[in-house]
Amino acid sequence: MFDLLGTKLPSRLLLGTAQYPSPAILADAVKASGTAVVTLSLRREMADGRAGEKFWSLIRALGVRILPNTAGCHSVKEAVITAKMAREVFGTTWIKLEVIGNHDTLQPDVFGLVEAARILCEDGFSVFPYTTDDLVVAERLLEVGCTVLMPWCAPIGSALGPVNIMALRSMRGHFPGVPLIVDAGLGRPSHAATVMELGFDAVLLNTAVARAADPVGMARAFGKAVDAGREAFGSGMLEPRDVAVPSTPTIGRAVF
Amino acid sequence: MFDLLGTKLPSRLLLGTAQYPSPAILADAVKASGTAVVTLSLRREMADGRAGEKFWSLIRALGVRILPNTAGCHSVKEAVITAKMAREVFGTTWIKLEVIGNHDTLQPDVFGLVEAARILCEDGFSVFPYTTDDLVVAERLLEVGCTVLMPWCAPIGSALGPVNIMALRSMRGHFPGVPLIVDAGLGRPSHAATVMELGFDAVLLNTAVARAADPVGMARAFGKAVDAGREAFGSGMLEPRDVAVPSTPTIGRAVF
Amino acid sequence: MFDLLGTKLPSRLLLGTAQYPSPAILADAVKASGTAVVTLSLRREMADGRAGEKFWSLIRALGVRILPNTAGCHSVKEAVITAKMAREVFGTTWIKLEVIGNHDTLQPDVFGLVEAARILCEDGFSVFPYTTDDLVVAERLLEVGCTVLMPWCAPIGSALGPVNIMALRSMRGHFPGVPLIVDAGLGRPSHAATVMELGFDAVLLNTAVARAADPVGMARAFGKAVDAGREAFGSGMLEPRDVAVPSTPTIGRAVF
Amino acid sequence: MFDLLGTKLPSRLLLGTAQYPSPAILADAVKASGTAVVTLSLRREMADGRAGEKFWSLIRALGVRILPNTAGCHSVKEAVITAKMAREVFGTTWIKLEVIGNHDTLQPDVFGLVEAARILCEDGFSVFPYTTDDLVVAERLLEVGCTVLMPWCAPIGSALGPVNIMALRSMRGHFPGVPLIVDAGLGRPSHAATVMELGFDAVLLNTAVARAADPVGMARAFGKAVDAGREAFGSGMLEPRDVAVPSTPTIGRAVF
Amino acid sequence: MKLMVNGEAHEVAASTLAELLAALDYEGDWLATAVNSDLVHRANRAEFRLSDGDRIEILSPMQGG
Amino acid sequence: MKLMVNGEAHEVAASTLAELLAALDYEGDWLATAVNSDLVHRANRAEFRLSDGDRIEILSPMQGG
Amino acid sequence: MKLMVNGEAHEVAASTLAELLAALDYEGDWLATAVNSDLVHRANRAEFRLSDGDRIEILSPMQGG
Amino acid sequence: MKLMVNGEAHEVAASTLAELLAALDYEGDWLATAVNSDLVHRANRAEFRLSDGDRIEILSPMQGG
């Protein structure tokens, strides 16, 4: 089991709920992935439209843990109020904190992020900050009270996979005791396996599954890849070697 | 099910049997991996030593399909006689054909490989040639009667993973109908997932599992990664994108 | 000529002055590289030792422009006073601003960096901030008055070369009008050529030259590589293509 | 000077002559690149058209060494007769031997290549075989009399640059005494510098220069990059390091 | 009274936030409300008096990544 | 006599390769000739007798990479 | 009779391959035999007559990758 | 008077920064001075009076990357 802030979870894959072809496919993908935590947002409800209610019932029926997010917030103020409203609606102190700093890359504004994290931690939230792979920013986030970090590995929705393995390894190495969840940028199960092999504790996905030709199959594939990567991390992988080494004993070879 | 030359197999992972800490661990690793095909060799039997018998009983007890190999052979003559002796011992026409051309990289001698493949195909063998990622060599192997190809992705035992993705993609693209099994060079489950995502039909491993700190756990991890990669290949993965794309709808965002 | 803040420079290579086997080799390396700007530090002078004087005379004799730095400073306060002392000694408002945030990676503390940059820009300095490839941090640095940016491409002294090409391309794309100088992490001339091909305006090196077996030859090599990369950037390079394209016209081929 | 089969050459860049916007630009590019060897082909001459004469005069006027090629040949027979006709026309025993095995990748047919090389070496040619990065094929080519090798680093015209650094390093390591010229696949000056840094003796280019927006500027850029890479190879480059190392001495730091 | 509700201008009689929600046919425990950028807890909507020009946000759960 | 010259059918009177070149207005020391896939040296063109159906290749230098 | 068995010199009385195997205590259906680089099928070992200097290989299954 | 000069304790008679530099044999226009973390310009060293416990930094150019 994966112990995330005291909660025991059967899976190290967290899933976003946006961009699926249909609510039914979203539900099936969540089940196929084996995920135990989904992330969702708050949006303006249209009068007598019941979009929110329908979606919320669908999610509740899945019996998974909710990680509300502040996706789309570009300021500390927006992020903080959104977090508070989410706490009321979802009845959880968990919040995936996004403070977006760039419209193109959707990367975090690390200045606003640290400030919003400080405010929310003081207010009793368990803040899951969507951050970069910057070690110094990570230290600040821990200083203001975060107990988990969610570094990106590439821009949101890019499907590029880990673009800076060196930085990810460095992050893992510097924060051995902190749950690290790779958030954003994964495109393929092999990407997820790669970061899990580096020792990251979990991954959070959305686009790669939701926009796949078959989101349900892709969700299942990611679920297996995350397990595979975690198990490999715990099983002691070979270091790559430059020279080839025979994989068959050379003693006792016949001579013809 | 994976249809390999008319045989239905429950797994797309093939496993080598060398270098395990003990026969028991080898057996457990084979079971944990879910593999249905193992590869083994012939070696000189010591008089009144019963090494071969013990090993052979162990393997038979696993109830998996045998793919004998000519590992360690450096000449056409050696490889051909070894193949014939293997057919008698193992009662199968399947043969993983290795004709090694370089002591350091253990890469195939493509000239000897094509010649040995021709001789063995004419003699009724189902030849699984351990070859490079050279398209022209692959065409020759098919011309002389091979119906499956086993390209390397890096030197045997290097654990480097796919060192030339372009060549592997090119190979898959040129031989859409031919079973392609990546043989040699894989070091991590993410490597296996990567080549499966490219559309390869299976992978054959040995060192990466046998030499892991925990071969059984690593075998399980590779089994999952191979499934994950195959499922992803069939589920239509996103193409990587250079620019970031929001993974959350921007309509209906609150304004504070 | 390279116009750097109004100064016309004959070279796009800036060189550090640390770690050379000898002052004579430093001097020869500077000449061989063709660089027109060197960076140096301030350190405690030992009484009646004349280390500073000797070094300073050597540098002045080279007739190159000086870019003092605050290397080794870990706080805003340290960096600011060091910058002011440098301005008095070197008689230039240029300052390469380093506020180190991590002892292992020597990466910038982006919070302290922006604060120190604000103070120094207000005090009339031309601040060359040693920063990461974070676009949002870059925007803050420009907001507080920086008119040039010096992103790293890998940790100082790592010789890894550009570890995140995507981020560097994104930085170049977002700040088309700002002089961007890659500072830290380059190990080989091909690394320097690579970032210059991406459209960066210049590179700053130290370890890769100073610690080479032959610093003078290496300095010359980097000088050429920087020129090559810049010229290529201006000459319109081919985009890589996945499929092979004949480089020889196929019309008029003889038939034998 | 670069000693190529006993000929002293002022440059380690060899240039193809195809695909330039105009003969004048070809001529200027050759001059700007500093190359001392160009490669060209034989094609059917149209009656009373004088294409061949004009082109041939242009090339002769450049005063560079000629390396005729068998570009476009797909069989041993074609390649051998083309080589013989080239020897008569160009009055040189040098021949860049191409036996193409695949229409898409334009990769060599290593079987035909070795056979054609054998025939031509016996007939007194100095054969420059366009080959893959296969060590065993390379050994065969040397056995049949080749004294120089021209491995590709990517498909012709792909501009991908070195797609398999491991294989190139292995080739350099296995044939320390043999002139190795990277032929085909280079797209940018940084690619050329990269392979020269690995210790290759020279590079041969065509598309990357001829199809650039400014072929003359690109030719100059490649010329510099090849020099830079060679000089770096001889100057002892730093090995990349995983952990960051300060590039400034930490003794004598002020404390404020 | 003129109010901005989820970015749109409304002319409503409601004097409290609770009345506004009813008037605009909003209901459900999955709704969160804010007035002028401050959270108004569900429990406080009944006595929360609105003033002319108030900006009200009424949010509910939606897909998010 | 019917000949294939550089892939095109020709009906010419020429009896030797040298005559053929002249007849078709080919000249220049930068030309290389082959008949039926065998090289014919410049020096031998004058006495090289052509037969009906011969395949002649006349090549000259061209751009190549 | 002098024989090379799996690379080692042996002086044995055996006149057939089957006798050799018995003399050297080799048995089991997992064994494969070759004499002078040619396969000798199990069924033929009894009548396969050995000659002085023959090179015999006796192989059995082993770990392989 | 007790002073910290470049991190080392000194007992000196000097009452101004200029006198301190002279006393400790520091000279040269390539030197920069700070007292208690504030820059003291060259021009002001003569009148800059030191107090017991002052921390003085005397820096000069050095190799840097």
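Small disclaimer: the values here were computed from a predicted structure and weren't measured.

What counts and what doesn't
- Residues numbered from 1 in each chain as written.
- Chains lettered and ligands numbered in written order.
- Predicted model: local features only at pLDDT ≥ 70, side-chain atom pairs only at ≥ 80, totals over all residues.
- Heavy atoms only, no water.
- Helix = DSSP H or I, 4+ residues; strand = E, 2+ residues; numbered from the N terminus.
- Rg over C-alpha atoms; globule rule 2.2 N^0.38 Å.
- Contact = heavy atoms within 4.5 Å.
- Areas by Shrake-Rupley, 256 points an atom, 1.4 Å probe, with all protein chains shown as cover.
- Lys, Arg positive; Asp, Glu negative; His and termini not counted.
- Charge placed at Lys NZ, Arg CZ, Asp CG, Glu CD.
- Pairing = 2+ DSSP bridges.
- Buried area = accessible area lost by both parts, 1.4 Å probe.
- Salt bridge = Lys/Arg side-chain N within 4 Å of Asp/Glu carboxyl O.
- Polar contact = N/O pair within 3.5 Å; in protein donor to acceptor, adjacent residues only side chain to side chain.
- Nonpolar A, V, L, I, M, F, W, Y, C, P; charged D, E, K, R; others polar.
- Buried < 20%, exposed > 50% of the residue type's maximum accessible area, 1.4 Å probe, protein only.
- Right-handed = clockwise from strand over helix to strand, strands pointing away.
- Least-squares fit on C-alpha atoms with pLDDT ≥ 70 in both.
- Core = buried A, V, L, I, M, F, W, Y, C linked by side-chain atoms within 4.5 Å.
- Axes fitted to C-alpha atoms, helices over the stretch in contact; angles between N-to-C directions.
- pLDDT = per-residue confidence, 0-100.

Student: Would you mind going over the overall build of chain E with me for this structure?
Tutor: The helix and strand tally for chain E stands at one helix and five strands. In chain E, the succession of helices and strands from N to C terminus is β-β-α-β-β-β. Scaling as 2.2 N^0.38, a compact globule of 65 residues should have a C-alpha radius of gyration of about 11 Å, and chain E matches this with 11 Å. Along the first, second and third principal axes, the C-alpha atoms of chain E reach 35 × 25 × 20 Å.

Student: What's the story with the overall build of chain A in this structure? I'm lost.
Tutor: Within chain A, the regular secondary structure consists of nine helices and 10 strands. Here the contacts in chain A between residues at least 6 apart in sequence split such that 66% fall between residues at least 24 apart. Total accessible area on chain A stands at roughly 7,900 Å², and carbon and sulfur atoms take up 53% of it. Here chain A holds 24 positive side-chain charges and 25 negative ones, and the gap between their average locations is 5 Å.

Student: What is the right way to read the sheet that holds strand β8 (residues 150–151) of chain C from this model?
Tutor: Backbone hydrogen bonds hold the strands of a sheet together, and the pairing may be parallel or antiparallel. Residue and element names in this part refer to chain C. Spatially, three strands are ordered β6-β7-β8 in an open sheet, and the strand pairing comes out parallel. The sheet terminates laterally at β6 (94–97) and β8, the two strands that pair on one side only. Examined bridge by bridge, β6 and strand β7 (residues 126–131) share four bridges and lie parallel to one another. Residue pairing across strands places Ile 95 opposite Val 127, the latter belonging to β7.

Student: Explain the interface of chain A and chain B to me, please; I cannot follow it from the model alone.
Tutor: Often, the extent of an interface is quoted as the loss of accessible area on bringing the components together. In this complex, chain A contributes 65 residues to the contact, which on the side of chain B involves 65 residues. Between chain A and chain B lies a buried interface of about 5,500 Å² when both sides are counted; carbon and sulfur atoms form 58% of it. In this structure, the salt-bridge partner of Glu231(B) is Lys224(A), at a minimum N-O distance of 3.3 Å. Taken together, chain A and chain B are joined by 14 residue pairs in polar contact (both at pLDDT 80 or more). At the level of elements, β4 (37–44), α3 (76–90), α7 (189–197), α8 (207–210) and α9 (215–235) of chain A are the ones that each hand at least two residues to the side of chain A that touches chain B. By residue number, the principal contributor to the side of chain A that touches chain B is α9(A), which donates 11 residues. Taken together, the residues that form the side of chain A that touches chain B break down as 31 nonpolar, 18 polar and 16 charged.

Student: What should I look at first to understand the arrangement of the chains in this one?
Tutor: The closest approach of any C-alpha atom in chain D to one in chain E is 33 Å; the two make no contact. Separated in space, chain B and chain H share no contact, their closest pair of C-alpha atoms being 33 Å apart.

Student: Hey, could you run me through the interface of chain A and chain C in this one?
Tutor: Each partner contributes to the interface: chain A provides 24 residues, whereas chain C provides 24 residues. Across the chain A/chain C interface, buried area totals approximately 1,900 Å², and carbon plus sulfur atoms make up 60% of it. Among the residues of chain A in contact with chain C, Phe111(A), Val136(A) and Met166(A) are the three that bury the most area, contributing 31% of the side total. For the pair chain A and chain C, the number of links is two salt bridges.

Student: Hey, could you run me through the pattern of salt bridges in this one?
Tutor: Side chains bearing opposite charge may pair, as long as their charged atoms lie close to each other. Across all of its chains, the model carries 55 salt bridges over all chains by this definition. Across the salt bridge formed by Glu122(B) and Arg118(B), the nearest N and O atoms sit 3.1 Å from each other. Of the two residues, Glu122(B) and Arg118(B) are both situated in helix α4 (residues 110–122); the distance of four residues between them amounts to about one turn of the helix. Arg118(B) sits in the partly exposed class, given a relative accessible area of 29%. The residue Asp123(D) makes a salt bridge to Arg87(D) at a minimum N-O spacing of 3.1 Å. Of this pair, Asp123(D) sits in the loop between α4 (110–122) and β7 (126–131) while Arg87(D) sits in helix α3 (residues 76–90), and the two are 36 residues apart along the sequence. Asp123(D) gets classed as partly exposed once you look at its relative accessible area, which sits at 32%. Assessed through its relative accessible area of 25%, Arg87(D) is described here as partly exposed. Several salt bridges share partner residues, and in doing so they unite Lys96(A), Glu98(A) and Asp183(A) into one network.

Student: Is there a simple way to explain the pairing of β7(C) in this structure?
Tutor: Residues and elements named next belong to chain C. Across the six residues that make up β7, a large majority, five, are buried. Remark: the β6/helix α4 (residues 110–122)/β7 crossover connection has right-handed handedness. Here two bridges tie β7 to β8, and the two strands are oriented parallel to one another. Counted as the bridge partner of Tyr 130 is Met 150 from β8. Handedness of the crossover is the feature at issue here: the chain leaves β7, passes through helix α5 (residues 135–143), returns alongside β8, and the resulting connection is right-handed.

Student: Quick question: what am I supposed to make of the relation of the copies chain A and chain B here?
Tutor: The operation linking the two copies of the chain is a rotation about an axis combined with a translation along the axis. Placing chain A over chain B gives an RMSD of 0.0 Å and needs a rotation angle of 180°, together with 0.0 Å of translation along the axis. The superposition operator between the copies reduces to a two-fold rotation axis. Taken as a fraction of all interface residues of chain A, those also at the interface in chain B reach 100%, which identifies the copy contact as same-surface.

Student: Whenever I open this one, the pairing of strand β2 (residues 8–11) of chain G confuses me. Can you help?
Tutor: In this sheet, β2(G) lies alongside strand β1 (residues 2–5) of chain G in antiparallel orientation, the contact comprising four bridges. Across the sheet, the residue bridging to Val5(G) is Glu8(G), located in β2(G).

Student: It is not clear to me how the nonpolar core should be interpreted in this structure. Could you clarify?
Tutor: Soluble globular proteins tend to pack their nonpolar side chains together in the buried interior. Counting residues in hydrophobic clusters, the biggest one holds 187 residues, and the most contacted among them are Leu20(E) and Leu20(H). Among residues more than four places away in sequence, those in contact with Leu20(E) are Leu3(E), Val5(E), Val12(E), Ala14(E), Leu50(E) and Ile56(E). Core analysis: the next-biggest nonpolar cluster, separate from the first, contains 184 residues, Ile59(B), Ala210(B), Ala232(C) and Leu21(F) among them.

Student: What is the right way to read unusual backbone geometry from this model?
Tutor: Glycine aside, residues mostly have negative phi, and peptide bonds are mostly found in the trans state. In this structure, Leu106(C) takes a positive phi of about 55° despite not being glycine. Here Leu106(C) shows up in the loop between β6 and α4. Notably, Asp25(E) is not glycine yet its phi reads approximately 65°, a positive angle. Inspection of the secondary structure assignment puts Asp25(E) in the loop between α1 (17–23) and β3 (32–35).

Student: What am I meant to see in the sheet that holds strand β8 (residues 150–151) of chain B here?
Tutor: Residues and elements named next belong to chain B. The three strands are arranged β6-β7-β8 in an open sheet whose pairing can be described as parallel. In this open sheet, the two strands that pair with only one neighbour each are β6 (94–97) and β8. Here α4 sits on the sheet in contact with β6 and β7 (126–131), set at roughly 175° to β7.

Student: Sorry, what's going on with α5(C) here?
Tutor: Count 3.6 residues to each turn of an α-helix, and residues three or four apart come out pointing the same way. For α5(C), every residue scored as buried is listed here: Leu135(C), Val136(C), Val137(C), Ala138(C) and Leu141(C). Each element contacted by the buried residues of α5(C) is listed here: α4 (110–122) of chain A together with α4, β7 and α6 (165–174) of chain C. At the N-terminal boundary of α5(C), the capping side chain belongs to Asp134(C), with an oxygen 2.8 Å from the backbone nitrogen of Val136(C). Immediately downstream of α5(C), the backbone of Gly145(C) shows phi near 120°, a positive value.

Student: For this particular structure, what's the right way to read the confidence of the model for chain E?
Tutor: As a general rule, the predicted coordinates of low-pLDDT regions are not to be interpreted in detail. In the predicted model, chain E carries a mean pLDDT of 91, and the fraction of residues at 70 or more is 100%. Two numbers describe this predicted complex: its pTM, 0.93, and its ipTM, 0.92.

Student: Which parts of the structure should I look at to understand the environment of Val255(B)?
Tutor: Looking at where Val255(B) falls in the secondary structure, it is placed in the segment after α9 (215–234). You can call Val255(B) exposed: its relative accessible area is 52%. Setting aside residues no more than four positions away along its own chain, Val255(B) makes contact with Arg44(A), Arg55(E) and Glu57(E).

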